[in-house]
Structures are given as C-alpha cells and as structure tokens.
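# Working through the structure, step by step
The lines below spell out each chain.
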Amino acid sequence: MSDVSVAQRRSSDVLLPPGEGGAKRRMRAMSLSRLAIHATLILACALYLVPLVVMLLTSFKTPEDIRTGNLLSWPEAFTLIGWIKAWGVVGSYFWNSVMIVVPAVLISTVMGALNGYVLSMWRFRGSQLFFGLLLFGCFLPFQVILLPASFTLGKLGLANTTTGLVLVHVVYGLAFTTLFFRNFYVSVPEALVRAARLDGAGFFTIFGRILLPMSIPTIMVCLIWQFTQIWNDFLFGVVFASGDTQPITVALNNLVNTSTGIKEYNVDMAAAMIAGLPTLVVYVLAGKYFLRGLTSGAVKG
Amino acid sequence: MASLELRNLNKRYASGAPDTLKDIELKIDSGEFLILVGPSGCGKSTLMNCIAGLEAITGGQILIDGQDVAGTGPKDRDIAMVFQSYALYPTMTVRDNIAFGLKMRKVPQATIDEEVARVARLLQIEHLLERKPAQLSGGQQQRVAMGRALARRPKIYLFDEPLSNLDAKLRVEMRTEIKLMHQRLKTTTVYVTHDQIEAMTLGDKVAVMKDGVIQQFASPRGIYNDPANLFVASFIGSPPMNFVPVRPRRQGAQWLAALDSGQARCELPLELAGDETLDGRELLLGIRPEQIGIAGSHSLPTVLAEVKVTEPTGPDTLAFVELNDTKVCCRLPPEIDPRVGEVLALQFDPARVLLFDAGSGERIALGPARSNGSAKKVSRLHPR
Ligand SMILES: Nc1ncnc2c1ncn2[C@@H]1O[C@H](COP(=O)(O)OP(=O)(O)OP(=O)(O)O)[C@@H](O)[C@H]1O
Ligand SMILES: [Mg+2]
C-alpha cells in the first residue's frame with residue numbers, strides 16, 4: 001500500500017515539478033528537436049529506399065508501361081509476367097547458388113568455430129604466427145587468389161564444378177570465420193575449459209557441450225556474413241564455374257548484359273530482386289543476432 | 001584418497017619471466033587436509049593448477065600415491081577442484097553444472113540424481129537447481145562451484161578460496177560442513193584460504209607461502225606458536241602479532257631489553273642463547289595480543305602503559321597501547337573496559353615472546369633455559 005503511494009507521488013513529481021512552467025518549455029524544445037531528428041531519419045530512409053521502390057514498381061509493370069511512364073510512376077496494371085519470365089531464365093541458377101551457399105556457409109562456419117577454439121584454448125607452438133597468417137588472409141583481395149585457385153582446382157579435377165566453387169569459398173571464408181570465433185573465445189574465461197577438463201571432458205566434448213552453446217551470437221554473425229559474401233559473389237562464380245554450374249549473380253549479369261532483342265526492364269528488375277531477396281530475408285530474420293554478436297565482444301571486454 | 005607429494009617443484013609462466021613457484025617441497029599423507037595461505041599473488045592458485053595438471057611445471061615432480069604424474073593429464077589425475085573464479089558453465093543449469101563431471105565419468109543416472117540432491121542439500125542450493133549461473137548471486141555461484149567438486153569422489157580435492165564470497169553465518173556453517181565431510185570421507189584436500197579461522201581450524205597441516213616460496217610447513221599449532229620467521233608470525237593470527245623493536249643489551253650473563261611506554265620503562269629479561277653480535281642490534285619482539293594480560297602475577301614483569309584506543313569486539317576487548325613508539329594490541333577479557341587515557345598495568349611472560357631480526361626477519365632462537373628461571377629476574381624490573 002505505502003509502496004504504491006510512494007511510487008505514485010514520485011511519478012507525479014516527475015510530471016509536475018513544483019514551480020513555474022520551465023519544464024514545459026523545456027519539453028516543447030525537446031519535442032521540436034525530436035521532430036527534426038525523426039524528419040532527417042525518415043528522409044534518409046526514403047532516399048535509401050528509392051532504388052528498391054523503383055525496382056519493385058518496374059518489375060510489376062508491362063514493357064509498354066515502362067516505356068511510357070516515368071520511373072516512380074505506379075504500374076497501370078500489376079503483372080507478374082516479369083517475375084515469371086525472370087524465374088524462367090535465372091531459376092535454375094538460383095538453385096545453383098543455393099547448392100553453393102548452403103554447404104560453403106555451413107562448412108566454413110563449423111571449421112571456423114573449430115579453428116577459433118583451438119587458437120584460443122589450445123595454444124600450440126607457433127599458434128600466434130598461424131593466427132597472424134590467417135589474419136593476413138582477411139586482407140587478401142579476391143583477384144590475388146584467382147590464378148592459384150584455378151590452378152589448384154584444375155589439379156584436383158574440380159574445375160567448373162559446384163564442389164570446386166564451394167571449396168574456394170570455404171577456403172577464402174575460413175580466415176573470417178576463424179577470426180570471428182577466435183575473438184569470441186578469447187573473451188571466454190580459460191577456467192571454464194579447465195574445469196571441464198578436470199570434469200573429464202575431452203577436446204570435442206568441451207567444444208560441443210560448453211563452448212558451442214555459448215557461441216550462438218557468433219554463429220549467427222558467421223552465417224550472415226558468409227551467406228552474404230557467397231551469395232553476392234560474382235567474381236569467383238564467373239571464373240570458377242561455367243554453364244550449368246554458374247551462380248545466380250553470373251546469370252543475372254548475363255541476362256542484363258544481353259545485347260540481342262529489346263530490353264525487358266521488368267524482367268531485369270524481377271531477376272535482380274530474385275537474386276537479392278535471400279540476403280534480405282536472412283538479414284530480416286537474423287539481423288538482431290548479427291548486431292548482438294558484433295557488439296557482444298565489446299561489451300564483455 | 002591418496003597421498004600428495006611435491007618435490008622441488010618449479011613453475012615459470014614464460015621463459016625469461018621470474019619463477020612463480022620456487023622449489024616447493026610438500027608432503028601430505030592420504031586423508032590429510034592441507035591449508036595453503038599466503039598474500040595475494042604469491043602463487044597459490046598457480047600451485048593448485050600445477051597439481052591438477054592444468055599448468056605445465058618447469059621443474060620438479062608431483063607424486064600422487066607415490067606415482068609421478070608428469071605424463072598424466074588433468075582428466076586422469078582424478079582431482080576435483082573449486083576454481084577461485086567459480087568457472088561455472090554458463091549455458092547449463094545448476095543441476096547440469098553439478099552433474100556434468102559425473103556424466104562425463106559415465107555414472108548411472110540414478111546415482112547422479114542422488115548425488116546432485118545430496119550436495120544441493122548440503123550447500124543449501126536445492127531451490128536453485130533449475131537456474132542458470134547468471135541468475136545467481138556471487139555466493140550462490142560459489143556454492144554451485146563447490147557442489148560441482150563435492151558431487152564427485154576424487155582422489156584429491158583442490159579448493160581455491162571456496163567460501164570467500166559467503167556471508168559470515170553461511171561461512172561458519174559451510175566450514176563445519178566441510179570439516180564434517182572430510183572427517184567422514186577422508187579425502188586428501190588442499191584448501192586455499194585468506195580466512196584466519198579456516199586456516200587454523202580446518203587443516204591438519206598449514207603451508208604458508210610468500211613470493212612462490214614455502215615459508216613454513218607445519219601443523220596449525222606449530223605455525224601459530226612456533227612461526228619460522230617474521231613473515232609467518234605476522235601473517236598468521238588475528239589480530240596480528242605485535243612487533244616491538246628492541247635493542248637487547250648484555251648485562252653479565254643476562255640479556256635485557258628496554259620497553260618504554262611513555263609512562264614507564266621496564267627492563268625485560270630475555271633468554272637469549274645468542275652471542276655478542278646481538279648486543280645492541282635491532283630486534284623485533286613478537287608478542288601475541290592474547291599473551292598480554294592485566295597484571296596479576298608477582299612473578300612476571302609489569303609494564304605500565306596508557307590506553308590509546310579500545311575496540312570492544314564482543315568476545316574480547318582490544319586495547320591499544322604504545323611500547324617503544326609502536327602500537328601494541330592487547331586482547332583483554334570483555335569485562336575489562338578501559339577508558340582511553342587510562343594507564344593499565346600489563347604483563348606478559350617473557351619466556352613466551354619471540355624474537356626476530358629486524359632486517360632479515362629471521363627468527364632468533366631463545367636460550368635453552370627459556371622455560372624456567374624467569375621468576376628470579378623479575379626483581380630487576382621496576383616501573384619507573
Ligand atoms: N597465466 C599467467 N601468466 C603469467 N603470469 C601469471 C599467470 N597466472 C598468474 N600469474 C602470475 O603468477 C603469480 C601468482 O598468481 P596466482 O594466481 O597463483 O596468485 P594467488 O596466490 O592465487 O593470488 P590470490 O590470492 O590473489 O588468488 C602472480 O604474480 C600472477 O601475476
Ligand atoms: Mg588465487
């Protein structure tokens with residue numbers, strides 16, 4: 001009872017401080033600056049969204065509509081013809097991309113987690129040097145590895161295969177995933193691993209039962225990062241795959257860059273949307289983990 | 001149950017770094033309880049980690065049951081440890097934390113449930129079993145850490161300050177529980193503590209460490225009554241031992257040390273076996289607070305001193321006086337409640353005091369005649 005009344009008095013104190021209306025004026029000034037901030041944010045948002053809106057609108061228009069109307073005009077009649085045509089062209093490549101992305105993301109994440117675990121908890125002679133070299137891998141531009149990679153794939157008999165492309169993506173992505181996991185695991189107290197060792201847990205048990213369950217945010221970061229990188233990759237796709245095994249990015253490029261016939265912008269836009277949709281979906285579904293994972297290291301120190 | 005022996009153990013964290021542990025020699029028999037004390041950073045946790053096999057040692061041997069365990073990993077040494085930092089598994093419930101070690105050792109589920117229930121009752125954490133460590137207070141986490149070790153029946157328990165975070169009442173209860181459990185199970189135990197009472201009451205043996213060196217390894221009584229050096233004497237005991245600087249003079253066959261309280265002066269006879277080099281050298285006279293009492297005996301020298309501060313603690317009254325410009329704590333019975341400024345007539349048995357070299361901190365042996373004859377010399381002592 002008395003608690004409630006105290007709380008009430010407190011809250012009314014905040015709302016109506018004794019004295020003149022100085023607080024009210026302050027509040028009006030505050031809401032004005034609030035308004036300015038929100039207006040700016042909405043404007044920035046709108047600017048960023050324009051290309052997406054244009055793409056979406058165009059993809060639902062008929063070719064005639066596109067020729068007559070302007071970029072931002074509403075479609076005279078919504079039609080799915082662009083989407084259907086686009087799927088007909090890039091659909092099979094979409095599945096190619098899926099076949100590349102899923103194993104490449106999973107393998108590079110799992111291996112990155114194991115690498116990070118070893119590099120942080122089971123330091124061996126030269127592990128610092130090893131980690132340094134790995135870090136170096138993060139800064140290697142794509143172009144540098146094209147020749148050696150194609151040479152290696154050729155030797156392995158994996159040239160122009162999905163497996164080959166997966167391998168390249170895994171190897172290139174390992175530097176990043178290892179870095180993510182290693183940085184998370186160095187913030188985990190070593191005593192945890194020690195306690196588990198005394199409890200009789202082995203290398204893989206400690207990893208699977210104790211560290212991995214703690215790493216959900218980092219796993220999410222890795223999945224999103226690798227998914228975006230590999231799905232959006234064009235260069236490796238164009239160099240290491242050909243014909244039937246090409247990923248959707250290459251197919252999209254081929255579609256948009258054809259010089260024969262009239263340009264069907266609705267099809268191009270729909271195809272681009274199809275190519276971009278999975279990354280969007282992943283961000284929407286797992287974005288909050290991404291932010292949490294990125295900041296978790298900073299907060300825990 | 002197993003005996004534990006450390007032979008000449010050395011530990012250096014990095015080559016080039018100074019030794020963290022230096023020539024540690026310890027031996028405890030099967031079923032014994034060893035207390036490890038020492039100031040922060042002296043290497044207690046390091047020693048525990050070495051025994052558990054979690055840190056590689058740089059020299060010497062660790063023998064469990066007489067077997068050198070150099071080639072044995074932590075898992076196979078069959079040791080359970082309470083970590084100073086608790087090290088609870090954050091994604092597991094309290095129940096799973098406690099059960100983990102048993103599961104790893106393929107204990108049947110029924111036994112696991114029994115053991116978890118047993119330690120949960122013992123540590124009063126039954127209502128917390130389904131929580132995650134992050135949802136517990138520090139003291140609760142510490143009890144879970146304790147439970148994780150106690151659920152197992154290893155050869156050796158290593159406890160690294162297992163009660164440091166508990167409130168006074170719970171601490172006393174847990175201390176008794178640990179002692180009862182040790183009496184029942186007789187598992188060899190090494191126990192690190194900063195608590196004077198735990199150090200004195202729990203163990204069969206006490207090892208006092210400083211800067212990675214064992215200063216003394218003896219029974220609790222031995223450490224208390226017969227400290228090897230100034231460090232051990234000052235570290236063990238609460239309130240700590242008083243150290244009064246004196247310069248003994250030789251007078252005939254007799255050594256005398258002057259005590260000056262500002263109000264009075266007295267000459268204390270000392271049974272020094274030492275030679276002439278001690279003459280006029282600065283020594284420290286070590287007197288435990290409880291050895292000082294209100295004058296009541298005619299056979300002991302009496303010192304008159306003014307009370308500067310009093311601290312009634314409940315079971316006793318601590319009165320602080322000054323001797324040779326050094327604060328001296330006297331532990332008096334609680335019914336004596338001196339006012340500040342009051343002059344007390346204090347007595348202590350000169351035969352029971354300890355002497356240390358002020359520079360090196362080494363203990364200086366008292367003479368062979370230490371237990372008798374002090375009564376004879378009392379006549380020389382007179383209040384000024
Ligand atoms: N992993 C490590 N690498 C390098 N030096 C260390 C490491 N762990 C501890 N030390 C050093 O070794 C010394 C002993 O540390 P230790 O943790 O054993 O002290 P302690 O006696 O347990 O102290 P406390 O009572 O504070 O727990 C300290 O000087 C510490 O800085
Ligand atoms: Mg410690």
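Residues numbered from 1 in each chain as written. Chains lettered and ligands numbered in written order. Predicted model: local features only at pLDDT ≥ 70, side-chain atom pairs only at ≥ 80, totals over all residues. Heavy atoms only, no water.

## What to know about the overall build of chain B
We count it as follows: The helix count covers DSSP runs of H or I at least four residues long, the strand count covers runs of E at least two residues long, and both are numbered beginning at the N terminus. Each residue gets one of three labels from its accessible area relative to the maximum for its type: buried under 20%, exposed over 50%, partly exposed in between, using a 1.4 Å probe on protein chains only. Residue-level accessible areas treat just the shown protein chains as cover; the underlying method is Shrake-Rupley with a 1.4 Å probe.
Counting secondary structure elements, chain B contains nine helices and 23 strands. Seen along its three principal axes, the alpha-carbon backbone of chain B occupies a region of about 75 × 45 × 35 Å. Across the 384 residues that make up chain B, the buried fraction comes to 53%. Summed over all atoms, the accessible surface of chain B reaches about 16,700 Å², with 50% contributed by carbon and sulfur.

## Here's the deal with the overall build of chain A
This is how the line gets drawn: Should any heavy atoms of two residues lie within 4.5 Å, those residues are counted as being in contact.
Looking only at helices and strands, one finds 13 helices and zero strands in chain A. Considering chain A as a whole, with its 301 residues, one finds that 37% of them fall into the buried category. When contacts within chain A are restricted to residue pairs at least 6 apart in sequence, those whose partners lie at least 24 apart make up 74%. By element, 71% of the accessible surface of chain A is carried by carbon and sulfur atoms, the whole surface being about 17,700 Å².

## A few points about a nonpolar patch on the surface
Formally: Like charges are joined within 9 Å and nonpolar side chains (Val, Leu, Ile, Met, Phe, Trp, Tyr) within 5 Å, but only among residues with over 30% relative accessible area and no salt bridge; these make up the patches. We count a salt bridge whenever a side-chain nitrogen from Lys or Arg sits within 4 Å of a carboxyl oxygen from Asp or Glu.
There is a patch of nonpolar side chains on the surface, built from Leu49(A), Val50(A), Leu52(A), Val53(A), Leu56(A), Leu71(A), Leu72(A), Leu277(A), Leu280(A), Val281(A) and Leu285(A) and spanning about 920 Å² of accessible area. Here the nonpolar patch takes five residues from helix H2 (residues 22-59) of chain A, the largest share from any one element.

## Focus on the coordination of the magnesium ion (ligand 2)
Residue and element names in this part refer to chain B. As a reminder, the rule being used: Counted as donors are the N, O and S atoms within 2.8 Å of the metal, or 3.2 Å for Na, K and Ca, while water is not among the atoms, so some sites may look incomplete.
The protein atoms donating to the magnesium ion (ligand 2) are Ser45 (OG) and Gln84 (OE1), with metal-donor distances spanning 1.9 to 2.2 Å. In this pair, Ser45 is assigned in helix H1 (residues 44-52) and Gln84 in the loop between strand S6 (79-82) and helix H2 (94-104), connecting sequence segments 39 residues apart. Of the residues examined, Gln84 reaches a relative accessible area of 39% and is grouped as partly exposed.

## Notes on the sheet that holds S6(B)
Residue and element names in this part refer to chain B. Put simply, the test is: At least two bridges found by DSSP between two strands are what make those strands a pair. Convention adopted: a line fitted to C-alpha atoms gives each axis, helices being fitted over their contacting stretch, and angles between N-to-C directions are expressed from 0 to 180 degrees.
With mixed pairing, six strands are arranged side by side in an open sheet as S6-S7-S8-S3-S9-S10. Single-partner strands in this sheet number two, and they are S6 and strand S10 (213-218). Across the sheet, the mean angle separating the axes of adjacent strands is 15° when strand polarity is ignored. Direction of pairing for strand S9 (residues 205-210) relative to S10: antiparallel, over a ladder of five bridges. In the sheet register, Val208 faces S10, and the bridge partner there is Gln216.

## So, the interface of chain B and chain A
Basically, it comes down to this: Defined in terms of a 1.4 Å probe, buried area is the accessible area two parts forfeit on being brought together, summed over both. Only Asp, Glu, Lys and Arg are considered charged in this grouping, and only Ala, Val, Leu, Ile, Met, Phe, Trp, Tyr, Cys and Pro are considered nonpolar; every other residue, Gly among them, is considered polar.
If you look at the interface, chain B gives 24 residues, while chain A gives 15 residues. Across the chain B/chain A interface, buried area totals approximately 1,800 Å², and carbon plus sulfur atoms make up 63% of it. Among the residues of chain B in contact with chain A, Leu54(B), Tyr89(B) and Met104(B) are the three that bury the most area, contributing 27% of the side total. Remark: the boundary between chain B and chain A carries two salt bridges. Where Glu55(B) meets Arg194(A), a salt bridge forms, and the shortest distance between an N and an O atom there is 2.6 Å. No other element matches the four residues that H2(B) contributes to the side of chain B that touches chain A. Residues that form the side of chain B that touches chain A fall into these classes: 13 nonpolar, five polar and six charged.

## Things to note about the pattern of salt bridges
Pairs can form between side chains of opposite charge once their charged atoms are near each other. Scanning the model with the defined rule gives 25 salt bridges over all chains in all. Between Asp199(A) and Arg152(B) there is a salt bridge whose closest N-O contact spans 3.6 Å. Placement of the pair is Asp199(A) in the loop between helix H8 (190-198) and helix H9 (203-214) and Arg152(B) in the loop between helix H4 (138-150) and strand S7 (156-160), with the two residues belonging to separate chains. In this structure Asp199(A) comes out as buried when scored by relative accessible area, which is 5%. In this structure, Arg171(B) and Asp195(B) form a salt bridge, with 3.2 Å as the shortest nitrogen-oxygen distance. Taken together, the positions of Arg171(B) in helix H5 (residues 168-185) and Asp195(B) in the loop between strand S8 (188-192) and helix H6 (196-202) put the pair 24 residues apart, joining distant regions of the chain.

## A look at the nonpolar core
For clarity, the cut-off: Here, nonpolar core means buried Ala, Val, Leu, Ile, Met, Phe, Trp, Tyr and Cys residues that are tied together by side-chain atoms lying within 4.5 Å of each other.
Within the largest apolar cluster, 55 residues are counted, with the highest numbers of intra-cluster contacts made by Tyr185(A), Leu4(B), Ile24(B), Leu47(B) and Leu158(B). When residues of this core are assigned to their parent elements, the largest contribution, six residues, is made by H8(A). Setting aside residues no more than four positions away along its own chain, Leu47(B) makes contact with Leu6(B), Leu9(B), Leu21(B), Ile24(B), Leu26(B), Leu36(B) and Met209(B). Core analysis: the second largest hydrophobic core is formed by 46 residues, Leu128(B), Leu129(B), Leu150(B) and Leu202(B) among them.

## Some thoughts on the site of ligand 1
All names here are of chain B. Keep this limit in mind: Throughout this document, a residue counts as near a molecule or strand when at least one of its heavy atoms sits within 4 Å of that molecule or strand. For this analysis, a polar contact is any N or O atom pair within 3.5 Å, provided that within protein one partner can donate a hydrogen and the other can accept it, and provided that sequence-adjacent residues contribute only side-chain to side-chain pairs.
Inspection of the region around ligand 1 gives Tyr13, Thr20, Ser40, Gly41, Cys42, Gly43, Lys44, Ser45, Thr46, Gln84, Glu161 and His194 as its neighbouring residues. In the environment of ligand 1, an oxygen atom lies 3.3 Å from a nitrogen or oxygen atom belonging to the backbone of Cys42. Out of a free accessible area of 640 Å², ligand 1 has 57% covered by protein chains. Class assignment of the residues belonging to the shell around ligand 1 gives a composition of two nonpolar, eight polar and two charged.

## Regarding the packing of aromatic side chains
Residue and element names in this part refer to chain A. Where we set the bar: Any two of the Phe, Tyr and Trp rings considered here, Trp counted by its six-membered ring, make a pair once their centres fall within 6.5 Å; the pair's planes then place it as stacked at under 30 degrees, edge-to-face at over 60, or tilted in between.
Enumeration according to the criterion identifies 28 aromatic pairs over all chains in this entry. On the numbers, 5.8 Å between centres and 85° between planes, the contact of Phe180 with Trp225 is edge-to-face. Residue Phe180 is located in helix H7 (residues 162-185), and its partner Trp225 is located in helix H10 (residues 216-232); the two are separated by 45 residues in the primary sequence. Classification of Trp225 by relative accessible area gives partly exposed; the value is 28%.

## Side note on the environment of Leu318(B)
Residue and element names in this part refer to chain B. Mapped onto the secondary structure, Leu318 falls in strand S19 (residues 317-323). Assessed through its relative accessible area of 7%, Leu318 is described here as buried. Distance in space between the C-alpha atoms of Leu318 and Pro338 is 9.7 Å, their sequence separation being 20 residues.

## Observations concerning the domain arrangement of chain B
All names here are of chain B. Definition in use: For the domains described, the bounds stem from an automatic or database domain assignment.
For chain B, the assigned domains read domain 1 (4-235) and domain 2 (242-364). On a C-alpha basis, the centroid separation for the pair domain 1 and domain 2 is 38 Å. Taken together, the contact between domain 1 and domain 2 spans 10 residues of the former and eight residues of the latter. Approximately 790 Å² of surface area, both sides summed, lies buried where domain 1 meets domain 2, with 54% of it carried by carbon and sulfur atoms. Counting the surface domain 1 buries against domain 2, the share from its top three residues, Tyr224, Leu230 and Ala233, is 62%. At the boundary of domain 1 with domain 2, the tally comes to one salt bridge. Between Arg363 and Asp226 there is a salt bridge whose closest N-O contact spans 2.8 Å. At the boundary of domain 1 and domain 2, one finds five residue pairs in polar contact (both at pLDDT 80 or more). Secondary-structure elements contributing two or more residues to the side of domain 1 that touches domain 2 are helix H7 (220-225) and helix H8 (230-235). In terms of residue class, the side of domain 1 that touches domain 2 is built from six nonpolar, three polar and one charged.

## Notes on the sheet that holds strand S5 (residues 67-68) of chain B
To summarise the sheet geometry, strands pair through backbone hydrogen bonds and adopt either a parallel or an antiparallel arrangement. Residues and elements named next belong to chain B. Sheet architecture is open: four strands sit in the order S2-S1-S4-S5, paired in antiparallel fashion. Two strands bound the open sheet, and with one partner strand each, they are strand S2 (21-28) and S5. Sheet topology places strand S1 (residues 4-11) next to S2; five bridges connect them, and they run antiparallel. The residue of S2 that forms the bridge with Leu4 is Ile28. Against the sheet, H1 touches S1, S2 and strand S4 (59-64), its axis set at about 115° to S1.

## A look at the side chain of Arg171(B)
Note on Arg171(B): relative accessible area 19%, which makes it buried. Apart from residues lying up to four places away in sequence, Arg171(B) is in contact with Leu163(B), Ser164(B), Leu166(B), Asp195(B) and Glu198(B).

## Structural notes on H1(B)
Burial analysis of H1(B) places eight of its nine residues in the buried class, which makes it a mostly covered element. Downstream of H1(B) by one or two residues, Gly53(B) has phi in the positive range, about 85°.

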